[in-house]
Amino acid sequence: MPDPVSSIRNLGPASDAAYARAGITSAGMLREMGADAGYEALLRSGARPHFIAYYAMVMGLQGRPWNDCQGAEKTALRARFDAIKARVAAGGETPDAAIEAELDRIGTGVRR
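Treat the numbers as computed from the prediction; the structure is a model and nothing was measured.

Brief notes about the pattern of salt bridges
Going through the model one piece at a time under the given rule, you end up with 6 salt bridges. The salt bridge involving Glu-40 is made with Arg-44; its shortest N-O contact spans 3.0 Å. One end of the pair is Glu-40 and the other is Arg-44, both in helix H3 (residues 35-44) and 4 residues apart, which spans about a single turn. Its salt-bridge partner being Asp-82, residue Arg-78 comes within 3.2 Å of it at the nearest N-O pair. Taken together, the positions of Arg-78 and Asp-82, both in helix H5 (residues 71-91) and 4 residues apart, correspond to about one turn of that helix. For Arg-78, a relative accessible area of 35% gives the class partly exposed. Assessed through its relative accessible area of 33%, Asp-82 is described here as partly exposed. Here the residues in one salt-bridge network are Glu-40, Arg-44 and Arg-87, joined through shared partners.

Focus on the packing of helix H4 (residues 51-61) against H5
Running from amino to carboxyl end, H4 crosses H5 at an angle of 115°, the nearest separation of the two axes being 10 Å. The element H4 and its partner H5 pack so that their crossing is right-handed. Two secondary-structure elements touch here, H4 through Phe-51, Tyr-54, Tyr-55, Val-58 and Met-59 and H5 through Glu-73, Lys-74, Leu-77, Arg-78, Arg-80, Phe-81 and Ile-84.

Some thoughts on the packing of aromatic side chains
Throughout the structure, instances matching the rule amount to 6 aromatic pairs. Taking 5.2 Å as the distance between ring centres and 65° as the angle between the ring planes, the aromatic pair formed by Tyr-39 and Tyr-54 counts as edge-to-face. Taken together, the residues Tyr-39 in helix H3 and Tyr-54 in helix H4 connect sequence positions 15 residues apart. Judged by its relative accessible area of 1%, Tyr-39 falls in the buried class.

Analysis parameters
- Residues numbered from 1 in each chain as written.
- Predicted model: local features only at pLDDT ≥ 70, side-chain atom pairs only at ≥ 80, totals over all residues.
- Heavy atoms only, no water.
- Salt bridge = Lys/Arg side-chain N within 4 Å of Asp/Glu carboxyl O.
- Helix = DSSP H or I, 4+ residues; strand = E, 2+ residues; numbered from the N terminus.
- Buried < 20%, exposed > 50% of the residue type's maximum accessible area, 1.4 Å probe, protein only.
- Axes fitted to C-alpha atoms, helices over the stretch in contact; angles between N-to-C directions.
- Left-handed = near helix turned anticlockwise from the far one by under 90°.
- Contact = heavy atoms within 4.5 Å.
- Phe/Tyr/Trp six-rings, centres within 6.5 Å; stacked < 30°, edge-to-face > 60°.

Laid out in structure tokens, this is it:
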């Protein structure tokens, strides 16, 4: 049986279910995909973006504690995180985006 996602440092048991909803069912799958593709899949499955969860996962994949991320490295990770969120939002593939589009279509959505 493959190692669960929660076997990666900084990721707990709730990570197993969240990543499984994204089709990522093992630590090996997440490692093979890489941090950014894995997190993007997580967001596309409906998870809400959270910067600390993102960089904790990145640090975990490197075998580092989550709070080891500081300074310029943290700034660079924030830019990557923002780019992932923008890609997901532009694709309109998240459940929230689909609901908002339908509400707009029937005239009950919030006008931006």
